[in-house]
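Given next are the chains, with one letter for each unit.
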Amino acid sequence: MPSQTTLPYTNLCLLAVRERLINSRLYAAHNSIRTKVEWCRDGKAHRLVEKASELAYISITGVISEDDFWMAPDANWRPSAYTPTFDRARLSCTVGRADVDVFAPDHADALRNIEWMQGLVATPGFRMPKGLLQGIHNDTRVKVNMLFLSSGRDAAEHNGNHENGGLDSIFSIEHWPCSTQEARDALPALIETHHVVPVPAYDMHGCLIEPTDYQHCLLGALIEVHFSLTHWAIPGRGEGALGSDVFSADIGKIQVLAPPQPTLVTPRKHRIAAMDPEDSLAPALKRTRM
């Protein structure tokens, strides 16, 4: 099967996408982004904004990695110190270097610019930044995430009128698929107080990807992702403990540019029995020999 890099039509489409991104305001792989963004205080946090004081949604391209892929509809949630309740669970994944020639060189440039952005707001004396860049030096990935449950007084009305937005019932909180028993148990208590915010992830035809399709449509896909950045300076706990600069990339939109490549599934190694365990003739033959 020919790869994505050998298809002229695919390359033309990707080149057009890259040209659009280069001409947009906030493509992380283009150095002009450094003249357009700054950090703005928002309570105890900082948010990356355009210099016109609008929230900045920067964009990168790359392949969604199988490492740190937590995009099951319920984020495979189980209670933990960081997410003690279901409504605080976040879907997340990491975006690595693209495997096509059109975008592959952009990844290193995007990482350099993201590190520059982090440096603008870094706290003197704190440890290395956490939360945004994952992996080792030659395989650094960008972690993006989002809350998918939102609370509000209009939750009941929102849930009752989900079809008004053109979304199928699968996007309603009542029908939201859960993979863990803990999530299934926690969901009913949230129906009257919360509503679902689906991942704004779109396939190559521009259709919103359904939650049950997140894994096979996104894992390994070449994507364009737009996200905002938030920074918290977390002081160290205890005397002499160093603090941490923590960053979060909140998903604004995911656009699939090329689907995941098919993978060859090889059969597992297994032992070969000396006798056929399902041979129905064996008992009869034993009886005839007696």
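### Considerations on the overall build of the chain
- Counting secondary structure elements, the chain contains six helices and 11 strands.
- Counting the 290 residues in the chain, one finds 39% classified as buried.
- Taking all contacts inside the chain whose residues are at least 6 apart in sequence as the whole, residues at least 24 apart take part in 72%.

### Focus on the pattern of salt bridges
- Tallied over the entire structure, the rule returns nine salt bridges.
- Of the charged contacts in the structure, one is a salt bridge between Asp-68 and Arg-141, with a shortest N-O distance of 3.5 Å. Of the two residues, Asp-68 is situated in the loop between strand E3 (58–64) and strand E4 (90–96) and Arg-141 in strand E6 (residues 141–147); the sequence distance between them amounts to 73 residues.
- What makes Asp-68 partly exposed here is its relative accessible area of 40%.
- When the shortest N-O distance is used, the salt bridge between Asp-139 and Arg-141 registers 3.9 Å.
- Given a relative accessible area of 35%, Asp-139 falls into the partly exposed group.
- Look at Arg-141 and you get buried, because its relative accessible area is 6%.

### A short note on the packing of aromatic side chains
- A full pass over the atoms with the stated rule returns four aromatic pairs.
- Each ring, one from Trp-77 and one from Phe-86, has its centre 5.3 Å from the other, and the planes form 40°; the classification is tilted. Note on accessibility: Trp-77 and Phe-86 belong to one class, buried.
- With a centroid separation of 6.3 Å and an interplanar angle of 20°, the aromatic rings of Phe-148 and Trp-176 are classed as stacked. Highlighted residues: Phe-148 in the loop between E6 and strand E7 (149–151) and Trp-176 in the loop between helix H3 (155–160) and helix H4 (181–186), separated in sequence by 28 residues. Judged on exposure class, the residue Phe-148 and its partner Trp-176 are both buried.
- Connected via pairs of aromatic rings, a cluster forms that spans Trp-77, Phe-86, Phe-148 and Trp-176.

### Focus on the side chain of Thr-61
- Relative to the helices and strands, Thr-61 is located in strand E3.
- According to the relative accessible area criterion, Thr-61 is buried, its value standing at 6%.
- At a separation of 3.1 Å, a polar atom in the side chain of Thr-61 contacts the side chain of Tyr-27.
- Apart from the residues within four sequence positions on either side, Thr-61 is in contact with Leu-21, Tyr-27, Val-95, Gly-96, Phe-103, His-107, Ile-223, Glu-224 and Leu-257.

### What about the confidence of the model for the chain?
- Mean pLDDT for the chain: 86, with 82% of residues reaching 70 or above.
- Below pLDDT 50 for its whole length, residues 1–6 participates in 13 contacts with residues either more than four positions away or in separate chains.
- Low pLDDT (under 50) marks residues 160–164, which in the prediction has four contacts with non-local residues, meaning those over four places away or in another chain.

### Description of unusual backbone geometry
- Despite not being glycine, Asp-68 has its phi angle at roughly 55°, a positive value.
- With a phi close to 50°, Asn-76 is a non-glycine residue in the positive phi region.

### Overview of the pairing of strand E10 (residues 222–234)
- The pairing of strand E2 (residues 45–50) with E10 spans three bridges and is antiparallel. The partner of Arg-47 across the bridge, within E10, is Thr-230.
- In this structure, E10 lies alongside strand E11 (residues 244–258), joined through 13 bridges in antiparallel fashion. Each residue of the ladder has a partner; that of Ser-228, found in E11, is Asp-250.

### Some words on the nonpolar core
- By size, the foremost hydrophobic cluster in this structure holds 67 residues, and its most contacted members are Phe-86, Phe-103, Leu-218 and Phe-227.
- Take this core: its biggest share by element is seven residues, from E11.
- Residues contacting Phe-103, with those up to four places away along its chain left out, are Leu-14, Val-17, Arg-18, Leu-21, Tyr-27, Thr-61, Ala-98, Leu-222 and Leu-257.

### Thoughts on the side chain of Asp-245
- Relative to the helices and strands, Asp-245 is located in strand E11.
- One buried charged residue, Asp-245, remains without a salt bridge, the closest side chain of opposite sign being Arg-127 at 9.3 Å.
- Side-chain polar atoms of Asp-245 contact the side chain of Thr-123, separated by 2.8 Å.
- Within polar-contact distance, the side chain of Asp-245 engages the side chain of His-231 at 2.8 Å.
- Once you skip the residues sitting within four places of it in the chain, Asp-245 turns out to touch Val-121, Ala-122, Thr-123, Phe-126, Met-128, Pro-129, Lys-130, His-231, Trp-232 and Ala-233.

### Observations concerning the pairing of E6
- Counting buried residues along E6, five of its seven residues qualify, which places the element largely inside the surrounding structure.
- Relative to E6, E4 runs antiparallel, the two being bridged by six bridges. Along E6, the bridge assignment pairs Arg-90 with Leu-147.
- Inspection of the sheet shows strand E5 (residues 133–134) paired to E6 by two bridges, in the antiparallel sense.

Rules used in this analysis
Position numbers for residues start from 1 in each chain and track the written sequence from start to end. At least 70 in pLDDT is required for a residue's local features to be given in this predicted model, at least 80 for side-chain atom pairs to be given and counted, and no such filter applies to totals for whole chains, interfaces and linings, which use all residues. The side-chain quantities take in all heavy atoms of the structure and omit both hydrogens and water. Helix and strand definitions follow DSSP, with helices as H or I runs of at least four residues and strands as E runs of at least two, each counted in order from the N terminus. Buried, partly exposed and exposed residues are distinguished by accessible area as a fraction of the type maximum, computed with a 1.4 Å probe on protein chains only: under 20%, between the cut-offs, and over 50%, respectively. Every residue pair with non-hydrogen atoms within 4.5 Å of one another is taken to be in contact. One side-chain nitrogen of Lys or Arg within 4 Å of one carboxyl oxygen of Asp or Glu is enough to make a salt bridge. Centre distance within 6.5 Å is the pairing criterion for rings of Phe, Tyr and Trp, where only the six-membered ring of Trp is used; planes under 30 degrees apart are then read as stacked, over 60 as edge-to-face, and the remainder as tilted. Any pair of N or O atoms that falls within 3.5 Å is considered a polar contact. Within protein, one atom must be able to donate a hydrogen and the other to accept it, and sequence-neighbouring residues count only if both atoms are side-chain atoms. How sure the predictor is of each residue is captured by pLDDT, a score from 0 to 100. Strands were regarded as paired on the criterion that DSSP finds at least two bridges between them. Remark: nonpolar core denotes a set of buried residues (Ala, Val, Leu, Ile, Met, Phe, Trp, Tyr, Cys) joined through side-chain atoms within 4.5 Å. Think of it this way: Lys and Arg go in the positive column, Asp and Glu in the negative one, and His and the chain ends go nowhere.

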